[in-house]
Amino acid sequence: MSFDLSMYRETELERWINEKYRAAGISCAADLQIERLATIYDVEVRTYKGPSFAEWQDGEYSFLFLNNELPVEELREHFFHELCHPLRHVGRQDDPLMPPLFRQLQETQAEAFQLYASMPAYLLEEFTPYASQSNFLKILAESFMLPFKLVERRIRQILGRINQLRNELHCQKILVAPEPMPLANREIQIDDRTIIVMQDSMPSFLHFKVYPDDWDATLYINVQKLLNHSAFFLHGLDTISLPVPAVALVQHSCESNTIGVHMPDVSEFLGKMHMSQSKSDIDFLQVRLIDMEYILQRNFRFQYDW
């Protein structure tokens, strides 16, 4: 096991968490008590005999309700998941008007937040001497008081990013766009699992769900239909979400408002990037609107009252 944390790159969300922790004097695993973190983030934690959930009103109150019948490791696991919602999300997940895909994105964010907040990378430095031992994960699980499976998932994530950086440094070459491949025969319309995402008060990209059967097909999106959808801000988005290269975008042969994502090209792009994630690990892909406009040879964003 190569556990060189100097080769590990933090995400934007991770940096945000770690800066908050360092400012509050969190310097070892023992400092991550629920009561201390609740004070740092100004949330009130209540326990009861029921499912764990968060309830909050921006600028007014934040409550976390945790099941007090859980073992301490699982209770902490729930705490770090639910903590993400009042800190990083807007809206209420029980709102019937919230699109299911947006709700799913928030849950994916909470899972990423849970890993970073429960086991910050900078707190793992003191454990590097034990990384080669067979009981390394057990040591971490006991020190951070977390379920073994959660610790295993976090360490696998860290090792994946370390290996990814090693591969990038080893290659040190510019990615050459792949030769156009014959379009897949299968065509799938994905308007119902696509949302428009805003950044800096401007529409920035499309975010869509990926399923295993998509990878040998061309996924089509009708731009005109999307203009009638709501747009969302995804604060601190930190999912396994990868950009679609412009070379994988194609225009529909008959419909001028429809653009396609040729998934075999995306797959080849990922292979040349030496990505540590397998295709089965990828939950979402994103397409820049500016790339879509280039393919369609027209600007369509001005048609919507953003």
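Definitions and limits used
- Residues numbered from 1 in each chain as written.
- Predicted model: local features only at pLDDT ≥ 70, side-chain atom pairs only at ≥ 80, totals over all residues.
- Heavy atoms only, no water.
- Phe/Tyr/Trp six-rings, centres within 6.5 Å; stacked < 30°, edge-to-face > 60°.
- Lys NZ or Arg CZ within 6 Å of the ring centre and 35° of its normal.
- Helix = DSSP H or I, 4+ residues; strand = E, 2+ residues; numbered from the N terminus.
- Pairing = 2+ DSSP bridges.
- Axes fitted to C-alpha atoms, helices over the stretch in contact; angles between N-to-C directions.
- Contact = heavy atoms within 4.5 Å.

## Observations regarding the packing of aromatic side chains
What describes a pair of aromatic rings is the distance from one ring centre to the other and the angle between the planes of the rings. Going through the model one piece at a time under the given rule, you end up with 9 aromatic pairs. The interplanar angle of 45° and the centroid separation of 6.2 Å between the aromatic rings of Phe63 and Phe65 together place this pair among those described as tilted. Here a set of aromatic residues connected by ring pairs shows up, and it is made of Tyr48, Phe53, Phe63 and Phe65. Above the ring of Tyr122, the side-chain terminus of Arg22 is found at 4.0 Å from the ring centroid.

## Examining unusual backbone geometry
Within the chain, Asp42 stands out as a residue other than glycine whose phi angle is a positive 55°. The residue Met145 is not glycine, and still its phi comes out positive at about 55°. Locating Met145 in the fold gives a position in the loop between helix 5 (136-144) and helix 6 (148-171).

## Overview of the sheet that holds strand 4 (residues 187-189)
Taken together, 4 strands build an open sheet; the order of strands is 4-7-11-10 and the sheet is mixed. Looking at strand neighbours, the two that pair on one side only are strand 4 and strand 10 (249-251), the edges of this open sheet. Within the sheet, the average angular offset between the axes of one strand and its neighbour, ignoring direction, is 30°. Bridging between strand 4 and strand 7 (residues 218-222) involves 3 bridges; their strand directions are parallel. Residue pairing across strands places Glu187 opposite Thr218, the latter belonging to strand 7. Each of strand 7 and strand 11 (258-262) touches helix 8 (residues 263-272); the most contacted strand, strand 11, lies at about 40° to it. Together, strand 10 and strand 11 form the strand contacts of helix 9 (residues 289-296), whose direction differs from that of strand 10 by roughly 35°.

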